[in-house]
Amino acid sequence: QVPGHHPRTIQKVFVDPLAGKQLEKKPVCIFQMEHYASVRGEHVNPVFEASKDDPPHYDDGFSGNGYSNAEHRDLRPSVVSAFGHNTLDRAPNIDFYRNAGSVSGHRAIRPSLQELHDMFQKVSVNLSPATELGASLLITEKGGFVKFGWIKGVLVRCMLNIWGVMLFIRLSWVFGQAGAGLGVVIVLLSIVVTSVTCLSMSAICTNGVVRGGGAYYLISRSLGPEFGGSIGLIFAFANAVAVAMYVVGFAETVVDLLEENNAIMVDQQNDIRIVGCITVVLLLGISVAGMEWEAKAQIFLLIILLVAIANVFIGTVIPATKDKNSKGFFNYHESIISENFLPEFRDGETFFSVFAIFFPAATGILAGANISGDLKDPQAALPKGTLLAIFITGITYLGVALSATVVRDATGNLNDTIVEGMSCNFSAACDFGYDFSACATKKCSFGLMNNFQVMTMVSGFGPLIIAGTFSATLSSALASLVSAPKVFQALCKDNIYQGLKFFAKGHGKNNEPIRGYVLTFIIAVAFILIAELNTIAPIISNFFLASYALINFSCFHASYAKSPGWRPAYKYYNMWLSLFGALLCCVVMFVINWWAALLTYGIELLLYIYVTVKKPDVNWGSSTQAVTFISAVNNTLVLSGVDEHVKNFRPQCIVLTGAPKTRPALLDLAHSLTKNYGLCITCEIFIVRGSRTDKLQELNTNLESHQAWLRSNKRKAFYAAVASDSLRNGSLSFLQAAGLGRLKPNTLMIGFKRDWRAGVECAGSFLYTSCSDAFDFEYGTVVLRISQGLDISHVIKANGKLTFSKYSKMLSTFRGEPFRPFLEGLTCTFLLSGPATLPQSAEMAKVNQRLVDASTQFQKKIGKGTIDVWWLFDDGGLTLLLPYILTTRKKWKDCKLRVFIAGQPGRIQQDKEEMESLLKKFRIKYAEISVVSDVSVRPSSESMKVFEDMIEPFRLHEGTKEMAQAESLRKDSPWKISDAELETFEEKTNLQIRLNELLQESSRAAKLIIVSMPIARKESVPDHLYMAWLDILTKNLPPTLLIRGNHKSVLTFYS
């Protein structure tokens, strides 16, 4: 047993590629890998249990050999195809579009683009059409599944669920309260809600293969895990409560029989509880026995139910006996229908309270969808079976109304007849010689309003109605008892709620959710103990209506998104009708019970927020994604038509990090500037030397893995990469092409290169040319320098045992003298996978520890201190705006701004007042303004000596050589600094050295220093000289940002 792998027995069929014949079969055991949502480096949701509806994860681009991590492809031979020549290309075939877990056929893998483009080797092999897909291995799973057709799996199941407890023991009460007129409206309103929902469901379930999970599956695959996860729990719970409702209805009938025969055990309510609990235990046994037994039981119950319904219709035309007359039954008469046509609500009931009690009778429409994983052809079966079930049951409800045969109140006393000379106008019964006026003063036991067993009395043979009631209630309870665990199991398999993973496990060849059955049983028993049908029914109504509303909205949303993947085979739907259905369900919920509706949506909202925050790593191509994309495109187009305004300026950064994880400090600071409010693109440049194939493979492989790293580390940024022949050309590509419309970067962020003096030519020329190019394209430019350095890629490549964040936490945990030997000997490693190396020297460990500390300093909250802004040159305000943005972030909120400006000795106070006035108009808070008047003072000889030593290896010293020798030196080393260039830029050089002295004096204790970056005139300042300016300016300082705006205003004091 390999951890994380699941063994299963398969048959390995070896095929002769030349003859196309099967050679031998061998049973083997393979290990089924955990589900990965991506094979490009992102390990997604490791406990996610793959369902067979998941689309295959192809690697058809430049990403390896076109196989996933669990597959290996040998070089594919060419075949003679329908095109008349040998080719690796394959004709379109359904097997290319199956997923790896398909049970309806074998997945074949088409040749990757790289195979066709780069790796073609012509090996002529004549294969038969059966083997033309190039498969040398066919996998067939042992064992089968029980699958149902549309009649047995959908029609029968839906009819039994719709013909539930309400048909025999509440329909007469509904028509007694609401009258024939409003009673028909209640039935029709229920049919409208369910029919529209069925049309929407039919469209969704014919838009691709449907698997187990019912309403949860349909909603989650359409609207995404947030909606699906929230409604999935509610819908599964509603089905569990429905079991209790149907069982209580059954128990009521049993207890009525016990009462008639004086066999009450305790009292009426407790007897309902006792009978209900015994019944649900028996139903649990049938369900656990498996779907085959449950289906057989359903057929048997349907036959009884149909006979019972026919018995009611026959009974209405059989002349009524005296006993039935005394109980209010007089066959069909116009006077009775006239009297019962108008409503007569009693006991505080209203139209919508009666509707709430009746509506669960229509909720069986999803009984077929709830076992969609057990259907042979869900796409064809669900629309046909569900719509036909709604039609048949709707006609039945309207036909069995009985409002034309039974009066509302009757005493059941044979002696309550009209005596000659006696007047009677209490009810239509007076026309037939019965006076039930006693019901006006006392509670009667018979009639539509008082007797829940009216159908038993009306029928031709009473015991058949009792059998029908048993059949209707038990069949509905059984269907709900099967539906709830199936839906719940599908939800748990998707691992949206990780704590519920326990209930995902199935048993047997049908993957029966035994644990789900037990949980459903416990919930059902809890509600059976209420023992009051009219209390349980409205609870279910709200939950089912919420589910129907989202099914309708799913159809509307998918149609509105107009995704090319929305191609339902069922065409008889309309997006606006679906929206109407969704709104109708919501309205009905509130008019039934406004506080229950609010509670339902409150629970759904909390679950939605929970799933959104947890961000389950699943991707089902939901319509929410499609609409988000459409909105993003439309908003971007709208933005492109609006001129930029200084008030809406925000930094949009290109950050040259390389791989994002290699320069965390640069990324963290950029993220602080742009988080949630601006664009941040982390960029990596792959240098191509010779063949570019390997680099392109690496580039494509890294795209997903680096974006996943940004997501997992909660960095609101994008990752982009280019392959180029040089760093400069790569950065030029980003500067010119990055962004879209107004979502275009305006600021370049780059790290200062500590080893810019390495090599013969200037290793730091990339920074110089990048800044120069950024100025050409009118980008603002930001350069970050940290004394310990920014690049940790060498440490990442060295080892791979610890993650960067775990190592940082460990350092903070084990600080102190007792742990110093451990830390000094520890290999400072993090992030990528790879073999561990031997421990480094103590000195190297200290260096790496300092590097880690410096690289993580912007990840934690910055303590109280200052951000010193040396705003020396007016660049449009970027040098001032960026530090202000930092102070608005939570990590930097304890830091105060100190502003330093250059001034003349004679007007220090005036310069300070002018800056105070400007900052006040800009509404930027500051702690202090300092005017530096001695910027132009010549730097000290020690500082000058440091600078001269810095540039000494790169000077020509042509002044001390003969003219011919000097010319030869210039020709051989044009990049070196000449004496003339050094003299030309002497003042600017001295300014940088002097500024460093002032920074050392005034800002040594600052948390962050911001300095206006010097600009070098293009093609006049040597690379080494410019890099020396930046080096000497920022030497031996806290973290320093060199900033230069594009000299367009980013601040304004106008409203």
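As the structure is a computational prediction, the values presented were derived from the model and not from experiment.

Enquirer: Go over the overall build of the protein chain with me, naming the residues and quoting the values.
Expert: If you tally the helices and strands in the protein chain, you get 34 helices and 16 strands. In the protein chain, which comprises 1055 residues, the share counted as buried stands at 52%. Look at the contacts in the protein chain between residues 6 or more apart in sequence, and 78% of them connect residues 24 or more apart. Surface exposure of the protein chain reaches about 47,900 Å², of which carbon and sulfur atoms provide 58%.

Enquirer: An account of the pairing of strand 16 (residues 1040–1044) is needed here, citing residue identities and associated values.
Expert: Looking along a regular strand, one sees the side chains alternate between the two faces of the sheet. Most of strand 16 sits inside the fold, with five of its five residues counted as buried. Taking every second residue as pointing to the same face, both faces of strand 16 are buried, with Thr 1040, Leu 1042 and Arg 1044 on one and Leu 1041 and Ile 1043 on the other. By the bridge criterion, four bridges tie strand 15 (residues 1008–1012) to strand 16 in an arrangement that is parallel. By the bridge assignment, Val 1011 is partnered in strand 16 with Leu 1042. The parallel pair strand 15 and strand 16, bridged by helix 34 (residues 1023–1033), forms a crossover whose chirality is right-handed.

Enquirer: Describe in detail the nonpolar core, supporting the description with residues and values.
Expert: Core analysis: the largest hydrophobic core is formed by 132 residues, its most contacted members being Phe 168, Leu 366 and Tyr 397. In terms of nonpolar packing, the next biggest core, distinct from the first, is built from 55 residues, Leu 656, Cys 683, Ala 1006 and Met 1013 among them.

Enquirer: Requested: an account of a positive patch on the surface, with residues and values cited.
Expert: Together, Lys 615, Lys 675, Lys 714, Lys 716, Lys 890 and Lys 893 make up a positively charged patch on the protein surface. The topology assignment puts Lys 890 in the loop between helix 28 (878–887) and strand 13 (895–902). Taking the relative accessible area as the measure of exposure, Lys 890 reaches 67% and is therefore exposed.

Enquirer: Could you give an account of the pairing of strand 11 (residues 780–785), with specific residues and numbers?
Expert: Counting buried positions along strand 11 gives six out of six residues, so the element sits mostly inside the fold. Alternating positions in strand 11 separate into two faces, Gly 780, Val 782 and Leu 784 on one and Thr 781, Val 783 and Arg 785 on the other, with burial throughout. As paired strands, strand 10 (residues 747–751) and strand 11 are joined by five bridges and run parallel to one another. Counterpart to Ile 750 in the pairing with strand 11 is Val 783. Two elements, strand 11 and strand 16, share five bridges in a ladder whose sense is antiparallel. Bridge pairing links Val 783 to Leu 1042 in strand 16.

Enquirer: An account of the pattern of salt bridges is requested, with residue identities and associated values reported.
Expert: This model, assessed by the stated rule, comprises 23 salt bridges. When the shortest N-O distance is used, the salt bridge between Glu 778 and Lys 1048 registers 2.8 Å. One end of the pair, Glu 778, is in the loop between helix 23 (765–776) and strand 11; the other, Lys 1048, is in the segment after strand 16, with 270 residues separating them in the sequence. Judged by relative accessible area, Glu 778 falls into the partly exposed class, the value being 44%. On the basis of relative accessibility, which here comes to 45%, the residue Lys 1048 falls in the partly exposed class. Note that Glu 986 and Arg 938 form a salt bridge whose closest N and O atoms lie 3.9 Å from each other. Of this pair, Glu 986 sits in helix 33 (residues 986–1002) while Arg 938 is found in the loop between strand 14 (928–932) and helix 30 (941–951), placing the two residues 48 residues apart along the sequence.

Enquirer: Break down the packing of aromatic side chains for me, with residues and values.
Expert: Inspection of every chain in the model, using the stated rule, returns 30 aromatic pairs. A ring pair is formed by Tyr 570 and Tyr 572, whose centres lie 5.7 Å apart and whose planes are at 75°; its orientation type is edge-to-face. Exposure remark for Tyr 570: the relative accessible area of 14% places this residue in the buried category. An aromatic cluster of at least three residues, connected via ring pairs, comprises Phe 235, Phe 355, Phe 359, Phe 544 and Tyr 548. Directly above the aromatic system of Phe 502 lies the positively charged group of Arg 515, at a separation of 4.0 Å from the ring centroid. A cation sits over an aromatic face here: Lys 921 above Phe 1053, 5.2 Å from the ring centre.

Enquirer: I'd like a description of the state of the cysteines, backed by residues and values.
Expert: Per the stated rule, a full pass over the model turns up one disulfide. Between the sulfur atoms of Cys 439 and its disulfide mate Cys 444 the distance is 1.9 Å. For the disulfide bridge between Cys 439 and Cys 444, the dihedral angle about the S-S bond is near -105°, and by the sign convention the bridge is left-handed. For the residue pair Cys 439 and Cys 444, the accessibility class agrees, reading buried in each case.

Enquirer: Please give an account of a nonpolar patch on the surface that cites residues and values.
Expert: A cluster of nonpolar residues, Phe 590, Trp 594, Trp 595, Leu 598, Leu 599 and Ile 603, forms a patch on the protein surface that exposes about 650 Å² of accessible area. Ranked by residues supplied to the nonpolar patch, first place goes to helix 18 (residues 594–614) with five residues.

Enquirer: Got a sec to walk through the packing of helix 2 (residues 150–162) against helix 12 (residues 378–399)? Specific residues and values, please.
Expert: At a closest axis distance of 8 Å, the pairing of helix 2 and helix 12 adopts a crossing angle of 30°. Note that helix 2 runs across helix 12; the crossing there is right-handed. Contacts between helix 2 and helix 12 involve Trp 150, Val 154, Leu 155, Cys 158, Met 159 and Ile 162 from the former and Ala 381, Leu 382, Lys 384, Gly 385, Thr 386, Leu 388, Ala 389, Ile 392, Thr 393 and Tyr 397 from the latter. Along the lines of polarity and charge, the residues of the contact of helix 2 with helix 12 split into twelve nonpolar, three polar and one charged.

Enquirer: Let's hear about empty space enclosed by the protein: which residues, and what values?
Expert: The tally for this structure, following the rule as stated, stands at two cavities of 30 Å³ or more. The space that makes up the largest cavity amounts to roughly 80 Å³. What lines the largest cavity is Ile 162, Val 187, Ser 190, Ile 191, Thr 194, Phe 358, Ala 362, Ile 365, Ile 390, Thr 393, Gly 394 and Tyr 397. Every element with two or more residues in the lining of the largest cavity is listed here: helix 4 (171–205) and helix 12. Here the residues of the lining of the largest cavity sort into eight nonpolar, four polar and no charged. Asn 161, Asn 239, Thr 363, Ser 480 and Phe 544 are, among the 15 residues lining the second largest cavity, the residues nearest its centre. When residues of the lining of the second largest cavity are traced back to their parent elements, those giving at least two are helix 6 (225–260) and helix 16 (533–561). If one sorts the elements of the lining of the second largest cavity by residue count, helix 6 sits on top with five residues. Broken down by class, the residue content of the lining of the second largest cavity amounts to nine nonpolar, six polar and no charged.

Enquirer: An account of the packing of helix 4 against helix 11 (residues 351–358) is needed here, citing residue identities and associated values.
Expert: Taken N-terminus to C-terminus, the directions of helix 4 and helix 11 make an angle of 80°; their axes are 10 Å apart at the nearest point. Between helix 4 and helix 11, the angle falls in the class roughly perpendicular. Only Phe 351, Val 354, Phe 355, Ile 357 and Phe 358 of helix 11 make contact with helix 4, whose side of the interface consists of Leu 171, Trp 173, Val 174, Gln 177, Leu 182, Val 185, Ile 186, Val 187, Leu 189 and Ser 190. Classifying every residue of the contact of helix 4 with helix 11 by side-chain character gives 13 nonpolar, two polar and no charged.

Enquirer: Could you give me a rundown of the sheet that holds strand 15, with the residues and numbers involved?
Expert: Strands sit in the order 9-8-7-10-11-16-15-12-13-14 across an open sheet of ten strands; the sheet is mixed. Two strands in the sheet have a free side with no partner beyond their single neighbour: strand 9 (718–724) and strand 14. Strand after strand, the sheet turns through a mean of 20° between neighbouring axes, direction not considered. Contacts from helix 21 (residues 693–712) reach strand 8 (680–687) and strand 9, with the element oriented near 165° to strand 9.

Enquirer: So, unusual backbone geometry: which residues are in play, and what are the values?
Expert: With phi around 60°, Asn 331 is a residue other than glycine that occupies positive phi space. Topologically, Asn 331 is positioned in the loop between helix 9 (322–326) and helix 10 (334–339). Of note in the backbone geometry, Asn 1036 takes a positive phi value of approximately 55° without being a glycine.

Thresholds, definitions, all that
Residues numbered from 1 in each chain as written. Predicted model: local features only at pLDDT ≥ 70, side-chain atom pairs only at ≥ 80, totals over all residues. Heavy atoms only, no water. Helix = DSSP H or I, 4+ residues; strand = E, 2+ residues; numbered from the N terminus. Buried < 20%, exposed > 50% of the residue type's maximum accessible area, 1.4 Å probe, protein only. Contact = heavy atoms within 4.5 Å. Areas by Shrake-Rupley, 256 points an atom, 1.4 Å probe, with all protein chains shown as cover. Pairing = 2+ DSSP bridges. Right-handed = clockwise from strand over helix to strand, strands pointing away. Core = buried A, V, L, I, M, F, W, Y, C linked by side-chain atoms within 4.5 Å. Patch = residues over 30% accessible without salt bridge, like charges linked within 9 Å, V, L, I, M, F, W, Y side chains within 5 Å. Salt bridge = Lys/Arg side-chain N within 4 Å of Asp/Glu carboxyl O. Lys, Arg positive; Asp, Glu negative; His and termini not counted. Charge placed at Lys NZ, Arg CZ, Asp CG, Glu CD. Phe/Tyr/Trp six-rings, centres within 6.5 Å; stacked < 30°, edge-to-face > 60°. Lys NZ or Arg CZ within 6 Å of the ring centre and 35° of its normal. Disulfide = S-S within 2.5 Å. Axes fitted to C-alpha atoms, helices over the stretch in contact; angles between N-to-C directions. Left-handed = near helix turned anticlockwise from the far one by under 90°. Nonpolar A, V, L, I, M, F, W, Y, C, P; charged D, E, K, R; others polar. 1 Å grid on protein atoms, 1.4 Å probe; cavity = no way out; pocket = protein on both sides within 12 Å on 5 of 7 lines; lining within 4 Å. Points joined across faces, edges and corners; volume = space filled by probe spheres on them. Parallel < 35°, antiparallel > 145°, perpendicular 65-115°, else oblique.

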